[in-house]
Structures are given as C-alpha cells and as structure tokens.
Amino acid sequence: EDLTYAEIEGRRQAMYALAALKAKVPGFERAKLRNFGTTVGVRDTRKIIGRYNLTSDDVRNQARFDDSIGIFPEFIDGYNILILPTTGRYFHVPFGCMVPVGVDNL
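Conventions adopted
Residues numbered from 1 in each chain as written. Predicted model: local features only at pLDDT ≥ 70, side-chain atom pairs only at ≥ 80, totals over all residues. Heavy atoms only, no water. Salt bridge = Lys/Arg side-chain N within 4 Å of Asp/Glu carboxyl O. Helix = DSSP H or I, 4+ residues; strand = E, 2+ residues; numbered from the N terminus. Buried < 20%, exposed > 50% of the residue type's maximum accessible area, 1.4 Å probe, protein only. Phe/Tyr/Trp six-rings, centres within 6.5 Å; stacked < 30°, edge-to-face > 60°. Lys NZ or Arg CZ within 6 Å of the ring centre and 35° of its normal. Patch = residues over 30% accessible without salt bridge, like charges linked within 9 Å, V, L, I, M, F, W, Y side chains within 5 Å. Areas by Shrake-Rupley, 256 points an atom, 1.4 Å probe, with all protein chains shown as cover. Contact = heavy atoms within 4.5 Å. pLDDT = per-residue confidence, 0-100. Pairing = 2+ DSSP bridges.

J.: Hey, could you run me through the pattern of salt bridges in this one?
T.: Pairing of side chains with opposite charge becomes possible as their charged atoms draw close. Tallied over the entire structure, the rule returns two salt bridges. Where Arg12 meets Glu9, a salt bridge forms, and the shortest distance between an N and an O atom there is 2.5 Å. Residue Arg12 and its partner Glu9 are both found in helix 1 (residues 2-24); the two are separated by three residues, about one turn of the helix. A salt bridge links Asp67 to Arg51, with the shortest nitrogen-to-oxygen separation between them at 3.1 Å. Of this pair, Asp67 sits in the loop between helix 2 (56-60) and strand 1 (68-73) while Arg51 sits in the loop between helix 1 and helix 2, placing them 16 residues apart in sequence. Classification of Asp67 by relative accessible area gives partly exposed; the value is 27%. Taking relative accessible area as the criterion, Arg51 reaches 52% and is therefore assigned exposed.

Here it is, written out as structure tokens:
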C-alpha cells in the first residue's frame, strides 16, 4: 500500500516538474516525458563521507575549489529544493568529495 502510494505520488510530482519545465525553461515548450521508472527506488543510499561534502550553499554561491575535478551546472534536485540549470551558473566539484574519511591507500 505504501509503495503504491509512493509510485502514484512520484509520478504526479514528475508531471508537475515537467509542466514547470515547459512553462519556464526556453526550449522545453514541447518536451514530453518518455517513461517513468518501473518501480519505486531510493537514491542516495550509498554515499561516502568524504573529506569534503558539498552543501546547498556551495551550489547556490558557485563554489570554487583548488582541488576541483570538474564543474557541474547549478542544479539541486532533492532535499525539497529544486533549482533548474538555466542560468549558466556552475560550481566546482572538489576532489575531497571522492576521498572517504578514514580509508587509507586510495
């Protein structure tokens, strides 16, 4: 029963997000949703506790790091925050995010 509710609610929210994209993001006016995931799943279940953990402030303030391994468009999806990557803003992803605390020889 809970899984059924979760699937229905997730699909409802996906359609809401699609409507928002179509209304607000240039180029999405004719976007279509091709399909949904077949089952409810949980993301963010396997995370390392890194030497550094990105925060929403890092994303919002376009964080820059000396040990950057790449860049990512300003986008937060989850934790009740949705910022769409439409501004051209970006943040760095630091190497420290990939280095687990307390694990040697990696």
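Moving on from the model shown.
J.: Help me out: how do you make sense of the packing of aromatic side chains in this one?
T.: The tally for this structure, following the rule as stated, stands at two aromatic pairs. Arranged with centres 5.8 Å apart and planes meeting at 55°, the rings of Phe72 and Phe91 form a pair that is tilted. Of this pair, Phe72 sits in strand 1 while Phe91 sits in strand 4 (residues 90-94), placing them 19 residues apart in sequence. Of the residues examined, Phe91 reaches a relative accessible area of 5% and is grouped as buried. Above the ring of Tyr90, the side-chain terminus of Arg64 is found at 4.1 Å from the ring centroid.

J.: Is there a simple way to explain a nonpolar patch on the surface in this structure?
T.: A grouping of Met15, Leu33 and Phe36 is seen on the molecular surface, where their side chains present a nonpolar patch of about 250 Å² in accessible area. Mapped onto the elements, Phe36 comes out in the loop between helix 1 and helix 2.

J.: How do you make sense of the side chain of Asp58 when you look at a structure like this?
T.: Mapped onto the elements of the fold, Asp58 is located in helix 2. Among all residues touching Asp58, those that are not within four sequence positions of it are Tyr52, Asn53, Ala63, Phe65 and Phe91.

J.: Can you help me understand the environment of Ile48 in this one?
T.: Of note, Ile48 is situated in the loop between helix 1 and helix 2. The class of Ile48 is partly exposed, set by a relative accessible area of 40%.

J.: Explain the confidence of the model for the chain to me, please; I cannot follow it from the model alone.
T.: Low pLDDT means the predicted coordinates in that region are not meant to be read closely. With 86% of its residues at a pLDDT of 70 or more, the chain has an overall mean of 83. When mean pLDDT is taken per element in the chain, helix 1 scores highest with 90 and strand 3 (residues 81-83) scores lowest with 60.

J.: Would you take a moment to explain the pairing of strand 4 for this structure?
T.: Counting buried positions along strand 4 yields four of five residues, so the element is predominantly enclosed. In the sheet, strand 1 pairs with strand 4 via five bridges, with the strands oriented antiparallel. Along strand 4, the bridge assignment pairs Phe72 with Phe91.

J.: Would you mind going over the environment of Leu3 with me for this structure?
T.: Along the polypeptide, Leu3 turns up in helix 1. For Leu3, a relative accessible area of 59% gives the class exposed. Between the C-alpha atom of Leu3 and that of Val40, which follows or precedes it by 37 residues, the distance is 7.0 Å.

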